[in-house]
Every structure is written in C-alpha cells, then in structure tokens.
Amino acid sequence: MRKLYVIGIGAGDPDQVTMQAVKAMRAADAFFVIGKGDEKRELVEVRTSILAEHVAGPHRIIEITDPPRERTPDDYAGVVRDWHERRAELLGAAFDEVDGTGAILVWGDPALYDSTLRMVELVLAGGRAFDYEVIPGVTSVAALAARHRMVLHRIGEPVHVTTGRRLREDGLGAGSTVVMLDGDCSFTEIPSDDVHIWWGAYLGMPDETLIEGPLAEVGERIVTRRAELRAAKGWIMDVYLLRRR
Ligand SMILES: C[S@@+](CC[C@H](N)C(=O)[O-])C[C@H]1O[C@@H](n2cnc3c(N)ncnc32)[C@H](O)[C@@H]1O
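Residues numbered from 1 in each chain as written. Predicted model: local features only at pLDDT ≥ 70, side-chain atom pairs only at ≥ 80, totals over all residues. Heavy atoms only, no water.

Describe the sheet that holds strand β8 (residues 195–201), naming the residues involved and giving the relevant values.
One open sheet holds the five strands; their spatial order is β6-β7-β10-β8-β9, and the pairing between them is mixed. The open sheet is flanked by β6 (159–163) and β9 (209–214), the only strands paired with a single partner. Strand after strand, the sheet turns through a mean of 15° between neighbouring axes, direction not considered. As paired elements, strand β7 (residues 176–180) and strand β10 (residues 238–244) share four bridges and run antiparallel to each other. Bridging across to β10, Val 178 finds its partner in Leu 241. (Pairing = 2+ DSSP bridges. Helix = DSSP H or I, 4+ residues; strand = E, 2+ residues; numbered from the N terminus. Axes fitted to C-alpha atoms, helices over the stretch in contact; angles between N-to-C directions.)

So this is what it looks like as structure tokens:
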C-alpha cells in the first residue's frame, strides 16, 4: 500500500528538524509543499533548504497552490470546511501522480493549528487507499518558550492555547494563554492591568524579534514593531503568551 508521511519540520529554524523527520524525509519519493503565494515564498524556501541539507537529491517537489478563501466570513466554520475540501482535492490529485511514498512537510507540528491531517482524512474519505504516519515537530509555542527562556505556565496552573479571534471573543481566562494566528494584535482589546506579555515574531528565522514586559508598557511598542516588520517583509508570523501577574 502507498504511504504518506506528514512531517513536522519545526517552526522556522532548519536546526529544529528532528532525526525522526530526517529518516521519514529520506524514505519519501516526492514532497508536497502547500504554497501560500509569493509573500510567503520564504516559508516554502525553508522547506526546500531543509531537504537540500538532509536528503540526497534530486528531490521531487510538488507545490500545491493554496486555494483562496474568504478571510472574515459570516460562516467561518463553513468557509474553512469548504477550503479544506478544495485543498484535499488538490492533494489527492497530486498524490495520484506519485508512484511511491509521499511526504508533506508541515510547519511546526501537524497537531497544532494546522489542517493537513484533516485534509489527509478527507483524501482517504474520498476513496483513495494509502497508509499515513505523523512525525511530530517543534511547535512555534515551544520555540517562543525557549527563546524567552520561560515555562509556559506557573506551577500547577493550566495553559490555554487559542487564536487572536477567540481571545477577542472570550477574553483572557485563568492561568496562562498562548495566542496564535492573530493578525490584529488582539492583546490591545483586553484590559492590560496586571498582564504580562512574551511576544515573538519570525521565531527561528533571520528576522526573529522578541519583546517582553508588562502589557500596559510594551503593548504599543509591539503594535508598532509588528507593523514595521510586516511592511518590510510583506507578511508576519507572531505568537505570544499572556499571563496575569
Ligand atoms: C497555521 S498556524 C501553524 C502552527 C504550527 N503548526 C506550529 O506548530 O506552530 C500559524 C501560526 O503559528 C504561529 N507561528 C508559526 N511559526 C512561527 C514563527 N516562526 N514565529 C512566530 N509565530 C509562528 C503564528 O501564530 C502563526 O500565525
């Protein structure tokens, strides 16, 4: 039976690739890379440089162009489901072209805010037969904690991982809160008294930027720095942890 590896490659630093990931990459005949358009070409390039470093070439890289989707729809879940289905069709068609083992290189870890595994399940549900294996990767959350040299939670307390949209809707809960996928600096919309923030952008990449401090003091600086970085590069990826003092 054909096999597909879903390989976590870490959150940007090519040195975060694990030995398990390298072994899986070496067993693959073709690599699927889901491209996000020119602005994020650098994210595709990280993957190709990882292959160049760890796997003897030539590499068969099949780039799948990410289908467009509405960013602020009324029916968020419905739009995302539809987008997953369109991605699954593209992946299924691409895998049909491969006579052997395929691999998808997933940013960070496939289990954290990533739709690849749902996409693979949809491809299987569509009638194709293959086996698949997941290789874990270093998440951007682990990279954030390491770069700030911190533990994600205080002793015995919970840590909540959420999105910018949900932070705006739900507010800040108890314990520590990690916020991902936040294009809107949602930390500006919660009361900042007594809240501390540990923020990181482009973690593990050449433009890595870290800011940490009381939210009331550093919040504006993060907003300004984030806008400058985003304008300079055309895109940004950032993640942060919030905790009441
Ligand atoms: C689609 S999610 C993918 C998460 C990924 N699977 C992981 O394990 O980290 C993308 C979000 O992850 C975070 N992220 C991923 N890589 C990052 C990096 N190198 N620096 C900062 N944030 C990053 C950002 O919050 C970004 O919006």
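Pulling in residues and values, what's your account of the domain arrangement of the protein chain?
Domain annotation of the protein chain identifies domain 1 (3–135) and domain 2 (140–244). If you average the C-alpha positions of domain 1 and of domain 2, the two centres end up 26 Å apart. With 13 residues of domain 1 at the contact, the number on the domain 2 side is 17 residues. For the pair domain 1 and domain 2, the number of links is zero salt bridges. If you tally residues by element for the side of domain 1 that touches domain 2, the top one is helix α2 (residues 41–54), at three residues. Partitioned by chemical class, the residues of the side of domain 1 that touches domain 2 number seven nonpolar, two polar and four charged. (Domains from an automatic or database assignment. Contact = heavy atoms within 4.5 Å. Salt bridge = Lys/Arg side-chain N within 4 Å of Asp/Glu carboxyl O. Nonpolar A, V, L, I, M, F, W, Y, C, P; charged D, E, K, R; others polar.)

Mind laying out the site of the ligand, listing which residues take part and the relevant values?
What surrounds the ligand is a group of 16 residues, the closest being Ala 11, Asp 109, Leu 112, Ser 140 and Asp 238. In the model, a nitrogen atom of the ligand is placed 2.8 Å from a nitrogen or oxygen of the Leu 112 main chain. Between an oxygen atom of the ligand and a main-chain N or O atom of Asp 238, the distance comes to 2.7 Å. For the ligand, whose free accessible area comes to 560 Å², the fraction covered by protein is 91%. The class makeup of the residues in the shell around the ligand is ten nonpolar, four polar and two charged. The two domains that each donate at least three residues to the shell around the ligand are domain 1 (3–135) and domain 2 (140–244). (Near = heavy atom within 4 Å. Polar contact = N/O pair within 3.5 Å; in protein donor to acceptor, adjacent residues only side chain to side chain. Areas by Shrake-Rupley, 256 points an atom, 1.4 Å probe, with all protein chains shown as cover.)

Provide a residue-level description of the pattern of salt bridges, including the pertinent values.
Where charged atoms of side chains with opposite charge meet at close range, the side chains can pair. Across all of its chains, the model carries 13 salt bridges by this definition. Between Lys 3 and Glu 133 there is a salt bridge, with the nearest N and O atoms lying 2.6 Å from each other. In this pair, Lys 3 is assigned in strand β1 (residues 3–8) and Glu 133 in strand β5 (residues 131–135), connecting sequence segments 130 residues apart. The class for Glu 133 is partly exposed, based on a relative accessible area of 29%. Across the salt bridge formed by Arg 147 and Glu 208, the nearest N and O atoms sit 2.6 Å from each other. Linking Arg 147 in helix α5 (residues 140–147) with Glu 208 in the loop between β8 and β9, this pair joins segments that are 61 residues apart in sequence. Taken together, the shared-partner salt bridges in this structure form one network comprising Arg 165, Arg 166, Glu 169 and Asp 170. (Buried < 20%, exposed > 50% of the residue type's maximum accessible area, 1.4 Å probe, protein only.)

An account of the packing of helix α3 (residues 76–96) against helix α4 (residues 116–125) is needed here, citing residue identities and associated values.
Two elements in contact, α3 and α4, have axes whose closest approach is 8 Å; the angle formed by their N-to-C orientations is 65°. The angle between α3 and α4 places the two elements in the roughly perpendicular class. For the crossing formed where α3 meets α4, the hand is right-handed. Mapping the contact onto sequence places His 84, Glu 85, Arg 87, Ala 88, Leu 91 and Gly 92 in α3 and Arg 118, Met 119, Val 120, Leu 122 and Val 123 in α4. Classifying every residue of the contact of α3 with α4 gives six nonpolar, two polar and three charged. (Parallel < 35°, antiparallel > 145°, perpendicular 65-115°, else oblique. Left-handed = near helix turned anticlockwise from the far one by under 90°.)

Residues and numbers for unusual backbone geometry, please.
The phi torsion at Tyr 113 lies on the positive side, around 45°, for a residue other than glycine. The class of Tyr 113 is partly exposed, set by a relative accessible area of 42%. One non-glycine residue, Tyr 202, adopts positive backbone phi at about 45°. For Tyr 202, the position within the fold is in the loop between β8 and β9.

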